[in-house]
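Examining the three-dimensional arrangement
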Amino acid sequence: MTAYEKKIIMENGTRHEIVSSNYDVDVRFYLSVDEGSYVAPHWHNSLEIIYMLEGSMKVKCENKEMDVQAGDISLINSREIHSFWSTPNKSLVLQVPEKLLEKYISDYELVKFHVDPHPGKETENTKLEWLKKVCYDMYVIYEVRPEGYLFKFKSLLYDLLYMLVHSYSVKMIEKEVNRNNKNREQIKQILRYLDRNHARQITVQETAEEFGYNPDYLSRMLKQQIGLTTMEYLYEVRMNYVYQDLMNTEDYVSEIFTRHGCTNYKVAMRWFKRRYHYTPSQLRRQRLDKMEVVVNTEKYVIK
């Protein structure tokens, strides 16, 4: 399970990532080690910066898609719906709560951040390299924690945020922000509905009627905003639930599939293999083999 998956909390069927700040600073900052995974569309109330150290991932953020390679920095604005598809990787992740940003940025709700990972101008490349260095310096100081480390960490953090405000932000028109927020909230309500009802045989027609849409329009709207149609998103949600039960219970695979609305076994198996590249039985066997290796290794540790 990745650091991202661990933080995605299901609250009454809502895929909302709960971001908790580190105990000693006002932000969430950590080294993420991901074995390779998929994280379905979700959102949080924090600005998220990812500095990829090794490996890669694909980020779908509303109506845009980003390939993040080793050495790249990607940025996701707070409340934006996004998903991850990653190969094995290591990255530094900084999540800055809205409350902190609102405290220091006037009209923060109108501000949108954007970082171009491959700028054409030399001056922009210099700024980007500086951002990467600050991220890494934050990691080093937070890992070593010398006397007074918080002074240094927070000075680096505020330098980084200052650079973001002055070099990587734009002020949007209030009307545009309101329209975007309205569309985003509609999408979130639909995703919540699909999450809550994933275990039964819910249809596109039923979902569309619930929100007053034409079924085809609903699927096109979701495809545009999150890169998935209604049924594609529903199956992604189901696969996440199936994966969790597969890894954390000894229940039969068929029983797990049925529990989460996958009554068409062939279709569900095809989706699972597409997402995780193995059958459920193969993936569970891999997990058990890893556990056995760990146990056997611990037996021979000299204490």
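Being a predicted model, the structure only gives us computed values, none of them experimental. Here the residue numbering is sequential within each chain, running from 1 through the sequence in written order. Only residues with pLDDT of at least 70 are given local features in this predicted model, and only at 80 or more are side-chain atom pairs given and counted; all residues enter the totals for whole chains, interfaces and linings. By convention in this description, side-chain values take in all heavy atoms of the structure and omit both hydrogens and water.

1. A word on the environment of Val170
For Val170, the location among the structural elements is in strand β12 (residues 169-171). Considering only alpha carbons, one finds Val170 and Val111, 59 residues apart in sequence, at a separation of 5.7 Å. By the convention used here, residues are in contact when the closest approach between their heavy atoms is within 4.5 Å. Contact partners of Val170, with chain neighbours within four places excluded, come to Leu110, Val111 and Lys112. Where helices and strands are cited, they refer to DSSP runs of H or I of at least four residues and of E of at least two residues respectively, numbered from the N terminus.

2. Considering the side chain of Asp245
With respect to the helices and strands, Asp245 occurs in helix α8 (residues 230-248). The class of Asp245 is buried, set by a relative accessible area of 16%. Not counting chain neighbours up to four residues away, the residues in contact with Asp245 comprise Ile256, Arg259, His260 and Arg284. A 1.4 Å probe rolled over the protein chains alone gives each residue an accessible area, and that area as a share of the maximum for its type sets the label: buried under 20%, exposed over 50%, partly exposed in between.

3. Overview of the packing of aromatic side chains
Planes of paired rings set the category: under 30 degrees apart is stacked, over 60 is edge-to-face and the rest tilted, where pairs are Phe, Tyr or Trp rings (Trp by its six-membered ring) whose centres lie within 6.5 Å. Applying the stated criterion across every chain, the model contains 13 aromatic pairs. Pairing Tyr142 with Phe153 gives two aromatic rings, centres 5.2 Å apart and planes at 45°, and the pair type is tilted. Taken together, the residues Tyr142 in helix α3 (residues 122-144) and Phe153 in helix α4 (residues 149-167) connect sequence positions eleven residues apart. Tyr142 sits in the buried class, given a relative accessible area of 6%. The class for Phe153 is buried, based on a relative accessible area of 0%. The criterion for a charge sitting over a ring is simple: Lys NZ or Arg CZ within 6 Å of the ring centre, and within 35 degrees of the ring normal. Seen from the ring of Tyr235, Arg238 lies directly overhead, with NZ or CZ sitting 5.1 Å from the centre. The ring of Trp271 has Arg274 lying over it, and the distance from NZ or CZ to the ring centre is 4.7 Å.

4. Topic: the confidence of the model for the chain
Within a predicted model, pLDDT stands for the predictor's per-residue confidence, ranging from 0 to 100. Model confidence for the chain is summarised by a mean pLDDT of 87, while 89% of its residues fall at 70 or above. When the criterion is pLDDT under 50, residues 1-14 qualifies, and its contacts beyond four places in sequence or with other chains add up to 44 contacts.

5. Observations concerning the pairing of strand β4 (residues 37-42)
Of all six residues making up β4, six are buried, and the element is well covered by its neighbours. By the convention used here, strands pair only if DSSP detects at least 2 bridges between them. Direction of pairing for β4 relative to strand β9 (residues 82-86): antiparallel, over a ladder of four bridges. When the bridges of β9 are listed, Val39 appears paired with Phe84.

6. Topic: helix α10 (residues 265-276)
A helix is expected to span 1.5 Å for every residue after the first. For α10, with twelve residues, the first-to-last C-alpha span of 16 Å sits near the 16 Å given by 1.5 Å per residue. By the burial criterion, the buried members of α10 are Val267, Ala268, Met269, Trp271, Phe272, Arg275 and Tyr276. Phi for His277, located one or two positions after α10, is positive at around 70°.

7. Focus: the nonpolar core
Generally speaking, soluble globular proteins have nonpolar side chains that are buried together. Counting 35 residues, the largest nonpolar core has Val27, Leu94, Met138, Leu160 and Leu164 as the members making the most contacts within it. Secondary-structure elements contributing two or more residues to this core are β5 (46-54), β8 (73-76), β10 (89-97), α2 (98-104), β11 (111-113), α3 and α4. In this structure, Val27 is in contact with Ser21, Asn22, Leu94, Gln95, Val96, Pro97, Leu100, Phe153 and Leu157, ignoring residues within four places of it in sequence. Listed in part, the 21 residues of the second largest apolar core include Ala40, Ile187, Tyr193 and Leu234. What we call a nonpolar core is a set of buried Ala, Val, Leu, Ile, Met, Phe, Trp, Tyr and Cys residues that are connected through their side-chain atoms within 4.5 Å.

8. Some words on the side chain of Ser37
For Ser37, the location among the structural elements is in strand β4. Within polar-contact distance, the side chain of Ser37 engages the side chain of Asp34 at 3.1 Å. The term polar contact refers here to a pair of N or O atoms within 3.5 Å; inside protein, the definition further demands a hydrogen-donor-capable atom paired with an acceptor-capable atom, and it admits residues adjacent in sequence only when both atoms are side-chain atoms.

9. Some points on unusual backbone geometry
Non-glycine residue Asp107 carries a positive phi angle of around 55°. Of note, Asp107 is situated in the loop between α2 and β11. The backbone phi angle of His277 is positive, close to 70°, even though this residue is not glycine. As for its placement among the helices and strands, His277 is situated in the loop between α10 and α11 (280-299).

10. Thoughts on the pattern of salt bridges
For salt bridges, the criterion is a side-chain nitrogen of Lys or Arg within 4 Å of an Asp or Glu carboxyl oxygen. In this structure the tally under the stated criterion is 16 salt bridges. We note a salt bridge from Glu98 to Arg79, for which the minimum N-O separation is 2.8 Å. With Glu98 in helix α2 and Arg79 in the loop between β8 and β9, this residue pair connects regions lying 19 residues apart in the sequence. Note that Asp245 and Arg259 form a salt bridge whose closest N and O atoms lie 2.7 Å from each other. Within this pair, whereas Asp245 is found in helix α8, its partner Arg259 is found in helix α9 (residues 253-259), the two being separated by 14 residues in sequence. Ionic contacts of the salt-bridge type, sharing partners, join the residues Lys58, Lys60, Glu65 and Asp67 into one network.

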